[in-house]
Amino acid sequence: MPYQDVFVQFWNQVKESVEEGSFAKLTMAKTIGKPNLKNIFLRPVYSKDGFKVLLKFRYRSKDTEDREEELTLDEAFEVLKSHLKSHFFSVILFSTKKDVLFKVNRKGAGSITETEPSFSMVIQPKSDTDTDME
């Protein structure tokens, strides 16, 4: 199956992990060649405006400063999709229920593999209605 279709299936699992509160982080890995861009990470950000992710670009060169952006999940999808098969061969979803690996092979076919979770719990911040002292 073409990797784009499989990536949409993978991304549905990412959204599901966010909805159920089990999303821990997401990492793009397995670079193609030796580009300056080493990794892309997504970490959850909980705010008054709802769920967002912190997208971090990590570079190999010490001369290139790492870059961070706060995005919605849909915006992050577009960024990650644009780096598949051009910079990275794999994306790993880490959740408290399972780890999900998405891979693209050299022929352009995508696959999904699930394993036991690497993370056991995600700490959610207190809501604005919670108080420390009364």
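Look above for the structure.
A few points on the structure. All values derive from a computational prediction rather than experimental measurement.

Within the protein, the secondary structure is distributed over two helices and seven strands. Ordered by position from N to C terminus, the α and β elements of the protein give α-β-β-β-β-α-β-β-β. Expressed as a percentage of the 134 residues in the protein, the buried residues total 36%. Carbon together with sulfur atoms contributes 48% to the accessible area of the protein, which is approximately 8300 Å² in total.

What follows concerns the nonpolar core. What tends to happen in soluble globular proteins is that the nonpolar side chains get buried as a cluster. By size, the foremost hydrophobic cluster in this structure holds 30 residues, and its most contacted members are Phe-7, Phe-10, Trp-11, Leu-26, Leu-42, Leu-80 and Phe-102. Top element by residues in this core is helix α1 (residues 3-19). It accounts for seven residues. Those residues within four positions of Trp-11 in sequence are excluded, and the remaining contacts are Leu-26, Leu-42, Leu-73, Ala-76, Phe-77 and Leu-80.

Sheet architecture is open: seven strands sit in the order β4-β3-β2-β1-β5-β6-β7, paired in antiparallel fashion. The sheet terminates laterally at β4 (67-71) and β7 (110-115), the two strands that pair on one side only. Taken over all neighbouring pairs, the strand axes of this sheet differ in orientation by 15° on average, direction set aside. The sheet contact formed by strand β1 (residues 23-31) and strand β2 (residues 37-47) spans three bridges and is antiparallel. What sits directly across from Met-28, in β2, is Ile-40.

Here we come to the environment of Phe-94. Position of Phe-94 relative to the elements: it lies in strand β5 (residues 88-95). Judged by its relative accessible area of 14%, Phe-94 falls in the buried class. Between the C-alpha atom of Phe-94 and that of Phe-119, which follows or precedes it by 25 residues, the distance is 7.0 Å. Dropping the residues within four chain positions of it, Phe-94 is found in contact with Ser-22, Phe-23, Ala-24, Lys-25, Thr-27, Asp-99, Ser-118 and Phe-119.

A few words now on unusual backbone geometry. Positive phi, close to 65°, is recorded for Lys-85, a residue that is not glycine. Assignment of secondary structure puts Lys-85 in the loop between α2 (73-83) and β5. For Lys-85, a relative accessible area of 34% corresponds to the partly exposed category.

What counts as what
- Residues numbered from 1 in each chain as written.
- Predicted model: local features only at pLDDT ≥ 70, side-chain atom pairs only at ≥ 80, totals over all residues.
- Heavy atoms only, no water.
- Helix = DSSP H or I, 4+ residues; strand = E, 2+ residues; numbered from the N terminus.
- Buried < 20%, exposed > 50% of the residue type's maximum accessible area, 1.4 Å probe, protein only.
- Areas by Shrake-Rupley, 256 points an atom, 1.4 Å probe, with all protein chains shown as cover.
- Core = buried A, V, L, I, M, F, W, Y, C linked by side-chain atoms within 4.5 Å.
- Contact = heavy atoms within 4.5 Å.
- Pairing = 2+ DSSP bridges.
- Axes fitted to C-alpha atoms, helices over the stretch in contact; angles between N-to-C directions.

Distances and angles like these do not, on their own, reveal function.
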